[in-house]
Amino acid sequence: MSRHVKRALGALAVLTAFVAVVGAGAGTTRGPQLSLHWQAPTPRDGTAYAVKAGEELSFELASSGSAIRSRPLPAGVSFARASGRASVKWTPTSKQVGEHVLTFVAQSGRSYAPPRSFIVYVLPEGPAAPHEPFPLGGVNGMSRWAEIYMDVSARTRPSARAKSLVRLRQYTPEGTANLVQALGGQINANGEYWVRVRLPVLPNGTTGWVPRASLGPYNEVYTHLVIDRKLFTATLYKRGKAVFRTRVGVGKPASSTCASGSLGSQT
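What counts, and where the lines are drawn
Residues numbered from 1 in each chain as written. Predicted model: local features only at pLDDT ≥ 70, side-chain atom pairs only at ≥ 80, totals over all residues. Heavy atoms only, no water. Salt bridge = Lys/Arg side-chain N within 4 Å of Asp/Glu carboxyl O. Helix = DSSP H or I, 4+ residues; strand = E, 2+ residues; numbered from the N terminus. Buried < 20%, exposed > 50% of the residue type's maximum accessible area, 1.4 Å probe, protein only. Pairing = 2+ DSSP bridges. pLDDT = per-residue confidence, 0-100. Contact = heavy atoms within 4.5 Å.

This model, assessed by the stated rule, comprises four salt bridges. Linking Asp228 and Arg71 is a salt bridge whose minimum nitrogen-to-oxygen distance equals 2.9 Å. Remark: Arg71 occurs in the loop between β5 (67-70) and β6 (78-82) and Asp228 occurs in strand β19 (residues 223-228); sequence separation between them is 157 residues. Accessibility classification places Asp228 together with Arg71 in one group, the buried group. When the shortest N-O distance is used, the salt bridge between Asp151 and Arg169 registers 3.2 Å. In this pair, Asp151 sits in the loop between β12 (143-147) and β13 (152-155) while Arg169 sits in the loop between β14 (164-168) and β15 (179-187), placing the two residues 18 residues apart along the sequence. Taking the relative accessible area as the measure of exposure, Arg169 reaches 44% and is therefore partly exposed.

Shown next, in the form of structure tokens:
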């Protein structure tokens, strides 16, 4: 198989540059009834926000159900609920720069509204200071990915002396190009450019640092796939708009669902 064919096959794996897996499943495709509806002023499903660290983001939710619940939220998010309504407020910190997915569900007994997710991109307050991390994603759901150009160890810090987490290979076991999502970069005190990437290991969302020289050129993608393991749904978003939703099955506790490939994460 030629390298060009391998790259073409590998590129198919980045249809969803960011996979958010929420909830927990029971190993079956039979899920709750999705018969409820969201109501105004709830933002459109897939709405993408850009907010600077230190600034407040707020929005209101309303549904035909009696209760609105959240999936795991970033630290610092305020989620106040009343009957059929909820208020969300968040002032992200400088340590939370980057992409986040906030997911909510409405419930009344055993009936639910389809999960509604919002993509929040936290921008830095100003230009990155020397040797400080900087984001590689972008607003409106843009993520960056790159091929691994050489076998490399992903480390806990942007340093060749840091502990190795996992060895990343140039090719997958199937012989296709191995890909990683590039979350952020940092020029360390020695002037070396390192990249924080999402790792294909459990638990979902694990990240590590690799030298920039070990990766190929950056590529951009504007799709996100959000999987809700309690409601057995998968929703594909493109440029902040939900374009496809379907019911899915998930793994049992003994073989838990793991985001496929190098680009998976868990919220």
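Here we come to the pairing of β15. Across the nine residues of β15, eight count as buried, placing the element largely inside the fold. Where strand β11 (residues 134-135) and β15 come together, two bridges link them in antiparallel fashion. The partner of Pro135 across the bridge, within β15, is Gly184. Bridge count for β12 against β15 is four bridges, and the pairing is antiparallel. What sits directly across from Trp145, in β15, is Gln181. One ladder, built from five bridges, connects β15 with strand β16 (residues 193-198); its direction is antiparallel. If you follow Gly184 over to β16, its bridge partner there is Arg196. Taking the residues that link successive antiparallel strands as the turn, the β15-β16 hairpin has five residues, and the phi of Gly191 there is positive, at about 80 degrees.

Confidence along the protein chain averages 84 in pLDDT terms, with 82% of residues attaining 70 or more. No element of the protein chain has a lower mean pLDDT than strand β22 (residues 264-266), at 34, and none a higher one than β13, at 98. Considering only residues more than four positions removed or in separate chains, one finds that residues 1-17, a stretch of pLDDT under 50, has 38 contacts. A low-confidence stretch, residues 25-29 (pLDDT under 50), is modelled with 15 contacts involving residues beyond four sequence positions or located in other chains.

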